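Given next are the chains, with one letter for each unit.
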There are 2 protein chains.
Amino acid sequence: MQRTRFGDMACSIARTLDVIGEPWSPLILRDVFAGIHRFEQIQQDLGISRKVLAERLRWLVDNDVLERREYSTRPPRHEYVLTPKGTELCDLLLVMARWGDRFTAGEAGPPVLRRHHACGEISQAELRCSACGGPIGAADVDLLPGPGARC
Amino acid sequence: MQRTRFGDMACSIARTLDVIGEPWSPLILRDVFAGIHRFEQIQQDLGISRKVLAERLRWLVDNDVLERREYSTRPPRHEYVLTPKGTELCDLLLVMARWGDRFTAGEAGPPVLRRHHACGEISQAELRCSACGGPIGAADVDLLPGPGARC
DNA sequence: CGCTTCGGGTTCCCTCAGGGAACGCAGTCT
DNA sequence: AGACTGCGTTCCCTGAGGGAACCCGAAGCG
């Protein structure tokens, strides 16, 4: 067997990892989210190998996270933009950024700040319960088998 | 160069990935969070190679995400438990699970449900702005350079 | 017209990380 | 003593990632 695939596991976490769990994929998503849309720019920004970048972009497009859009026919030029599915995936990046800000930023402070459009304030993303609206964290939930439980 | 390290990048997302971005690491975290604390159990649950599991556990312990605790002196037996830092990292798993539930669960529905202790309801984790309390998503923020911005 | 550039990849080679299985080792059971 | 268990470590083999070179279509330019 080669590198184990996670897509067949009966676990939403594993299936999410199947889509963006490969090395570099979340950073590619971050770049597209941050406004870097072109192959050459992403490659330079990340310092990733062109081969791997091409593979990852193809995978993300095939999985409907990114869309490969032609922005010029002559000469033919393409850019990568987020689909709605990909935009929701970026929520993950907000939570990763929050954890990184808290635990890895050190003396210098966070390298990037995020300002909420709606209120104009610098903010972090907090997790709230969709049912009661109260704060929720990993320690506050019980796990129960759901309808698509393990075979 | 070998596999590129993300820890030195001026990006909280990259630095978070440096801690749990390797293949398998999030699933190991999920298992420990779900109550699977012992080497042998994790190995069997995931089907991961013992070598890689030992490497990942050591890395997570070194990074203060897990604690290796002796639960029996004779014979010496150890288990892995979440540190506070690791527990906060599990918030990431909640968000991954939500995305996976929405976009990869298919007909069968989500394999696992999560019940909020505080209200007793089955729920998903929603993102809210820490400043105004309103809903927040990746599409609702502007990025600004912070104090620890790229050198 | 031929030469260069540029965006966006593809191909090639080499090393290193992951998979799998075997081995090791302390301590306990019978 | 011999078997078993929990927890790793060692070994070999394959395949994925890094790096650099190459490719191709379409301009841009003297």
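Residues numbered from 1 in each chain as written. Chains lettered and ligands numbered in written order. Predicted model: local features only at pLDDT ≥ 70, side-chain atom pairs only at ≥ 80, totals over all residues.

Below, the discussion takes up the relation of the copies chain A and chain B. By a simple turn and slide, chain A fits onto chain B: the slide is 0.0 Å along the axis, the RMSD is 0.0 Å, and the turn is 180°. Here the two chains are linked by the operation of a two-fold rotation axis. Nearest to the rotation axis, the C-alpha of Leu-127 of chain A is located 2.4 Å from it, this being the minimum over chain A. Both copies share a contact surface, since 100% of the interface residues of chain A are interface residues in chain B too. (Least-squares fit on C-alpha atoms with pLDDT ≥ 70 in both. Contact = placed C-beta atoms within 7 Å.)

Let us look at the UniProt feature "domain: HTH hxlR-type" (unreviewed entry) in chain A. UniProt's entry tags residues 11–108 of chain A with the feature "domain: HTH hxlR-type" (unreviewed entry), counted in the numbering of this structure. Helix makes up 61% of residues 11–108 of chain A and strand 13%, with an end-to-end C-alpha separation of 38 Å. (UniProt positions renumbered as here; feature names shortened; annotations may be inferred. Helix = DSSP H or I, 4+ residues; strand = E, 2+ residues; numbered from the N terminus.)

This next bit is on the packing of helix α1 (residues 12–20) of chain A against helix α5 (residues 84–104) of chain B. Packed helices, taken two at a time, are described by their axes: the angle between them and the distance between them. Remark: α1 of chain A packs on α5 of chain B, axes separated minimally by 7 Å, with the N-to-C direction vectors making an angle of 80°. Classed by the angle they form, the pair α1 of chain A and α5 of chain B counts as roughly perpendicular. Taken together, the residues of α5 of chain B that come into contact with α1 of chain A (itself represented by Ser-12, Ile-13, Arg-15 and Thr-16 of chain A) are Leu-93, Met-96, Ala-97, Trp-99, Gly-100, Asp-101 and Thr-104 of chain B. Partitioned by chemical class, the residues of the contact of α1 of chain A with α5 of chain B number five nonpolar, four polar and two charged. (Axes fitted to C-alpha atoms, helices over the stretch in contact; angles between N-to-C directions. Parallel < 35°, antiparallel > 145°, perpendicular 65-115°, else oblique. Nonpolar A, V, L, I, M, F, W, Y, C, P; charged D, E, K, R; others polar.)

Bringing α5 of chain B into the picture now. For α5 of chain B, with 21 residues, the first-to-last C-alpha span of 30 Å sits near the 30 Å given by 1.5 Å per residue. After α5 of chain B finishes, the residue Gly-106 of chain B shows a positive phi value of roughly 70°. (Expected span 1.5 Å × (residues − 1).)

Bringing the nonpolar core into the picture now. Residues Leu-92 and Leu-93 of chain A together with Leu-92 and Leu-93 of chain B are the most contacted members of the largest nonpolar core, which totals 76 residues. Not counting residues within four places of it along the chain, the set of residues in contact with Leu-93 of chain A comprises Pro-26, Leu-29, Arg-30 and Phe-33 of chain A together with Ile-13 and Ala-138 of chain B. (Core = buried A, V, L, I, M, F, W, Y, C linked by C-beta atoms within 7 Å. Buried ≥ 20, exposed ≤ 12 C-beta atoms within 10 Å, placed from the backbone.)

Taken residue by residue, the interface counts 73 residues in chain A and 73 residues in chain B. Broken down by secondary-structure element, the contributors of at least two residues to the side of chain A that touches chain B are α1, α2 (25–33), α5 (84–104), β3 (112–116), β4 (125–129) and β5 (141–145) of chain A. Top contributing element to the side of chain A that touches chain B by residue count: α5 of chain A, with 17 residues. Along the lines of polarity and charge, the residues of the side of chain A that touches chain B split into 42 nonpolar, 16 polar and 15 charged. As defined by bridge partners, β4 of chain A adjoins strand β4 (residues 125–129) of chain B across five bridges and the pair is classed as antiparallel. The residue bridging Cys-129 of chain A from the neighbouring strand is Ala-125 of chain B, located in β4 of chain B. (Pairing = 2+ DSSP bridges.)

Phi is positive for Asp-64 of chain A, close to 65°, though the residue is something other than glycine. Overall, Asp-64 of chain A belongs to the partly exposed group, with 13 C-beta atoms counted inside 10 Å. Even without a glycine there, the phi angle at Trp-24 of chain B is positive, about 85°. As for its position among the elements, Trp-24 of chain B is in the loop between α1 (12–20) and α2 (25–33). Since 20 C-beta atoms lie within 10 Å of it, Trp-24 of chain B is described here as buried.

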